[in-house]
Amino acid sequence: MSIMVPSKTPALITPGQQALDSALHQLHQAAEHLGLDGGLRTVLATPRRSLTVSVPVRREDGRLDVVQGFRVQHNVSRGPAKGGIRFHPGTDIHEVTALAMWMTWKCALVGIPYGGAKGGVAVDPATLTVVEQERLTRRYVNEILPLIGPEKDIPAPDVGTDEQTMAWIMDTYSVSAGYSVPGVVTGKPMTLGGSLGRAGATSRGVQIATLAALGRSPEGVSVAVQGFGKVGALAAQYLADAGCKVVAVSDVGGAVYASGGLDVSRLRAFAAEHGTVRGYPHADELPLDDLLELDVDVLVPAALEGAITEANAPRVRARLIVEGANGPLTPEADEIVNANGATVVPDILANAGGVIVSYLEWVQNMQAYSWSSGEVEVKLRDLMENAFAEVRSLAGARGLTLRQAAHVIGVGRVAEAHQMRGLYP
Ligand code: NAD
């Protein structure tokens, strides 16, 4: 038996700790602005429930590995906890806590009745066979079973997980309940109660937020997208469909660039076949991190946290940065790009389309009903555009950045829920 220990970085602070520091920094800024008292600040800074589990996985060759898994419910004052599950070797309890906290503010900001949660397993799914992925998923779900449920905590896909993972989660939970419980998880396949429009929802939201922030015709606007996964690939597609010129995209395997614009549909087909954009024959190769520093109108970081730090932020030239990923800019980087005149549409607003349509999927499941893709799209657009308008208006009125304004609204609503509910006992 071997124990798979998450890889260690030589840095004193792990990326997960850095993400949590960022989340706490943003919370404290908002709390300061709202004048929240110290006790309430501590409640909001502290996860409500935090579970670390060991997940044994029998490999197909007979070996037994043990990986660490996490589920954190940051806050449930406004409704059941909601948040994705990430399979990534670098994930740790700090990262999952930060991501859960951002989910709390995001749900409050866009006005859906959820608290925030997140889950993670410190594993690289690419090193597992499909059978091993299924075993891992089922055993992890079994370990966190006391926490999740359609009225308690509803997982969804994130980095390294997809609708197949969600189907296994739904099945594992349902077997334990003794009947089918589609509402325990969102981002499911259509055949198991998934919602029309969920697969592209986060990316559609990124498109809506980008077009709202641009405030001019998207025709010919140049865009670079970091991360060509579930969020980034469709965000590139929808922005290209709207008339933007997507000149560069990257994934963990490499980056590609075409000054005249990439044919995103063709590139998606290539990436689906080859597992990476690297080697795409109709574009030039680009060093991975150069993508973030291209002279483009819009940069969409849609990979992982901490992509832009104080080290590379001074070289970022995009005038508009739309955070498809959670936490791609550190607070130091955020300050630098703002000082250089860029506008940042923050993660809790820009990528909220995913949780909005997850909420719609859950509502449909709880009602045993389904909406057309047109109905889903209209509701998504309404919630995104309303949230964007509220954030922009508060930022303008109080001289805040869009990130600060979004946090003031999100944190303020959660604080209000706590104050109205009072404290038991
Ligand atoms: P994914 O696993 O489908 O895709 C991640 C992509 O990032 C992959 O293409 C990967 O190769 C790439 N990547 C990783 N490191 C990179 C690097 N250093 N440079 C360039 N590319 C790199 O994950 P996803 O679901 O698309 O999630 C991406 C981000 O969006 C995460 O921050 C996630 O939390 C956030 N998010 C996802 C959803 C959702 O619905 N899936 C919703 C809201 C926010």
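Our structure's up above, just so we're on the same page.
Below: a short report on this structure. (Residues numbered from 1 in each chain as written. Predicted model: local features only at pLDDT ≥ 70, side-chain atom pairs only at ≥ 80, totals over all residues. Heavy atoms only, no water.)

## Points about helix α7 (residues 230-241)
Here α7 spans 17 Å end to end across 12 residues, near enough to the 16 Å set by a 1.5 Å rise per residue. Within α7 the residues assigned to the buried category are Gly 232, Ala 233, Leu 234, Ala 235, Ala 236, Gln 237, Tyr 238 and Leu 239. As for α7, its buried residues are in contact with α6 (201-214), β7 (222-226), β8 (245-251), α8 (264-274) and β11 (298-301). Looking one or two residues beyond α7, the residue adopting positive phi is Gly 243, at roughly 115 degrees. (Helix = DSSP H or I, 4+ residues; strand = E, 2+ residues; numbered from the N terminus. Expected span 1.5 Å × (residues − 1). Buried < 20%, exposed > 50% of the residue type's maximum accessible area, 1.4 Å probe, protein only. Contact = heavy atoms within 4.5 Å.)

## Re the environment of Ala 126
Of note, Ala 126 is situated in the loop between β5 (115-121) and α4 (130-144). On the basis of relative accessibility, which here comes to 69%, the residue Ala 126 falls in the exposed class. Through-space distance from the C-alpha of Ala 126 to that of His 88 is 9.5 Å; in sequence the pair is 38 residues apart.

## Side note on helix α12 (residues 373-398)
Its 26 residues give α12 an end-to-end C-alpha distance of 37 Å, which sits within 8% of 38 Å, the value for a rise of 1.5 Å per residue. Among all positions of α12, only Val 376, Leu 380, Met 384, Ala 387, Phe 388, Val 391, Leu 394 and Ala 395 are buried. Immediately downstream of α12, the backbone of Gly 399 shows phi near 65 degrees, a positive value.

## Comments concerning the pairing of strand β2 (residues 49-58)
Examined bridge by bridge, β2 and strand β3 (residues 64-75) share 10 bridges and lie antiparallel to one another. Within β3, the residue paired with Leu 51 across the bridge is Arg 71. Taken together, β2 and the strand that follows it, β3, pair antiparallel across an intervening segment of 5 residues, in which Gly 62 is found at a positive phi of about 100 degrees. (Pairing = 2+ DSSP bridges.)

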